[in-house]
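Here are the chains, one letter per residue:
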Amino acid sequence: MRTLLAPLLLAPLLGAATPDWPEWRGPTRDGNIHQGAAPWPGRLTKENLHKIWSADLAEGYSSPIISGNRVFTVETRDKKNEIVRAFDRKTGRQLWEKAWAGSVKVPFFARKNGSWVRSTPACDGKTLYIGGMRDVLVALDASTGEQRWRVDFPQAEQTARPQFGFVCSPLLAKDHIYVQVGSALRKIRKSDGKTVWKALEDDRAMWGEAFSSPSRSTLNGKDQILVQTRMSLAGVAPDDGKVLWSTPVKAFRGMNILTPTAIGNNVFTATYGGGVFYFKVGGQGAVPAWNDKLEGYMSSPVVIDGKIYLHGRDKRLHCLDPAAKKILWTSKEKFGEYWSMVANRKRVLALDQKGDLILFEAAPTGFKLIDRLEVNKRPTWAHVAVCGSEVYIRDLKGITAYRWE
């Protein structure tokens, strides 16, 4: 799999000495650290995970973004306004704040977890791109917080406001971003917010647009945006928006939430109410290669040595071998409702929704726990960010920066 590495080549703010975490699931958008990172410590304790700073936030699921000397957060305050803040990476001092009205009351089963901002922003070192709950995309100057442009899609194009809010996290490219907003997958110009093309319009279930976020890979020699709508999984040409292939994906009420994962020329996903799906992508489009009744939920997997490590709807961790078409093992322990994972070689650092950090060894023979540490008593729905020895944890009402030694 060849993943887009352009974000790593962009000039960061003032040049950070340690790596950045510029978008959803990290620089390569797959939860893996690829750039020759040093091995992680063999323990996870209060003695070697030192708190650097912390800051109080209002509620939100949006993950922290780290670019150069800044850390960016997005939150929903008083159920009325969306707040974007920039903090000094070393000290936690707030550098600027930007706010706008932006509230959505999500329906039925999702309401128990709150009607807060969901989309994780992206930063190319100069501009921060933020998805607001009311299907508004905003670009802010990363240094000052000044607005560069703003697009309210329901107002500008009369698209329907999504019932669950803007959930998809923007994907960075050189001069554009790709994101599911305004009832379609769109290629949007960074300079002015104009839509270059849109694809997969109205491919929605009963309650609105995408929960998933796109990724980018080369399958069978073709560069493509991998995108999961509420109804299907597809590969889309980045230049012109042509749908290269598309296949239906079964899910309860369109709950296709995971980020599509490329493994060689194949693509993996898992859904709530549908199961796990593994497709071989070729000249005949996407051909089912394997499926199983094991259900995914909200946690995107990591892939190590061709094995998939997936936190499922059953709250257990599973190791899947798609080549052998089987589940190798399932953890005995049940965890929280959500995991975010970052992999470095064969070690995986996971943040459990209950507030635990879990370090385990990726192995096809069984769940090999190395260490675990409670870092918060509040729910931690946001994705953990790991930049060299720095670990950033966003809980429901705050953010904490740690140094792992």
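Above this text is the structure in question.
Residues numbered from 1 in each chain as written. Predicted model: local features only at pLDDT ≥ 70, side-chain atom pairs only at ≥ 80, totals over all residues. Heavy atoms only, no water.

A. Region of the structure containing the overall build of the protein. The secondary structure content of the protein amounts to two helices and 32 strands. A globule of 405 residues ought to have a C-alpha radius of gyration of about 22 Å, and the protein, at 19 Å, matches this closely. Viewed in the frame of its principal axes, the protein has a C-alpha envelope of about 55 × 50 × 40 Å. Split into buried and exposed, the 405 residues of the protein put 62% on the buried side. Considering only contacts within the protein whose residues lie at least 6 apart along the sequence, 54% involve residues at least 24 apart. Accessible surface computed for the protein: about 15900 Å², of which carbon and sulfur atoms make up 48%. Distance between charge centroids for the protein: 3 Å, based on 59 positive and 41 negative side chains. (Helix = DSSP H or I, 4+ residues; strand = E, 2+ residues; numbered from the N terminus. Rg over C-alpha atoms; globule rule 2.2 N^0.38 Å. Buried < 20%, exposed > 50% of the residue type's maximum accessible area, 1.4 Å probe, protein only. Contact = heavy atoms within 4.5 Å. Areas by Shrake-Rupley, 256 points an atom, 1.4 Å probe, with all protein chains shown as cover. Lys, Arg positive; Asp, Glu negative; His and termini not counted. Charge placed at Lys NZ, Arg CZ, Asp CG, Glu CD.)

B. Focus on the side chain of Asp20. Residue placement: Asp20 occurs in the loop between α1 (6-9) and β1 (49-56). Engagement of the side chain of Asp20 in a polar contact is seen with the backbone nitrogen of Gly68, the distance being 3.1 Å. Looking at Asp20, its side chain comes within polar contact range of the side chain of Arg89, at 3.1 Å. (Polar contact = N/O pair within 3.5 Å; in protein donor to acceptor, adjacent residues only side chain to side chain.)

C. Up close: the nonpolar core. Counting residues in each nonpolar core, the largest one holds 53 residues, and the members touching the most others are Leu49 and Leu349. The biggest single contributor to this core is strand β32 (residues 398-404), with four residues. Excluding residues that lie within four positions of it along the chain, Leu349 makes contacts with Trp40, Leu44, Ser340, Met341, Val342, Leu357, Ile358, Leu359, Val384, Val386, Val391 and Trp404. Within the second largest apolar cluster, 15 residues are counted, among which are Val302, Ile304, Leu317 and Cys319. (Core = buried A, V, L, I, M, F, W, Y, C linked by side-chain atoms within 4.5 Å.)

D. Highlighting the pattern of salt bridges. Counted by the stated rule, this structure contains 22 salt bridges. Asp192 is the partner of Arg189 in a salt bridge, and the nearest nitrogen-oxygen pair spans 2.9 Å. In this structure Arg189 comes out as partly exposed when scored by relative accessible area, which is 33%. With its nearest N and O atoms 3.0 Å apart, the salt bridge here joins Arg372 to Glu333. Highlighted residues: Arg372 in strand β29 (residues 368-374) and Glu333 in the loop between β25 (326-330) and β26 (339-344), separated in sequence by 39 residues. Accessibility expressed as a relative area gives 32% for Arg372, which makes it partly exposed. Judged by its relative accessible area of 31%, Glu333 is partly exposed. Bridged by salt links that share partners, the residues Glu157, Arg186, Lys198 and Glu201 form one connected network. (Salt bridge = Lys/Arg side-chain N within 4 Å of Asp/Glu carboxyl O.)

E. Structural context of the pairing of β25. Inspection of the sheet shows strand β24 (residues 317-321) paired to β25 by four bridges, in the antiparallel sense. Across the sheet, the residue bridging to His318 is Thr330, located in β25. The loop that links β24 with its antiparallel partner β25 comprises four residues; one of these, Lys325, has a positive phi angle of about 60°. (Pairing = 2+ DSSP bridges.)

F. A look at the sheet that holds strand β22 (residues 302-304). What the four strands build is an open sheet, ordered β22-β23-β24-β25; its pairing is antiparallel. Each having just a single partner strand, β22 and β25 make up the two edges of the open sheet. In this sheet, adjacent strand axes meet at a mean angle of 25° when their direction is disregarded. Examined bridge by bridge, β22 and strand β23 (residues 307-311) share three bridges and lie antiparallel to one another. Directly across from Val302, in β23, lies its bridge partner Tyr309. (Axes fitted to C-alpha atoms, helices over the stretch in contact; angles between N-to-C directions.)

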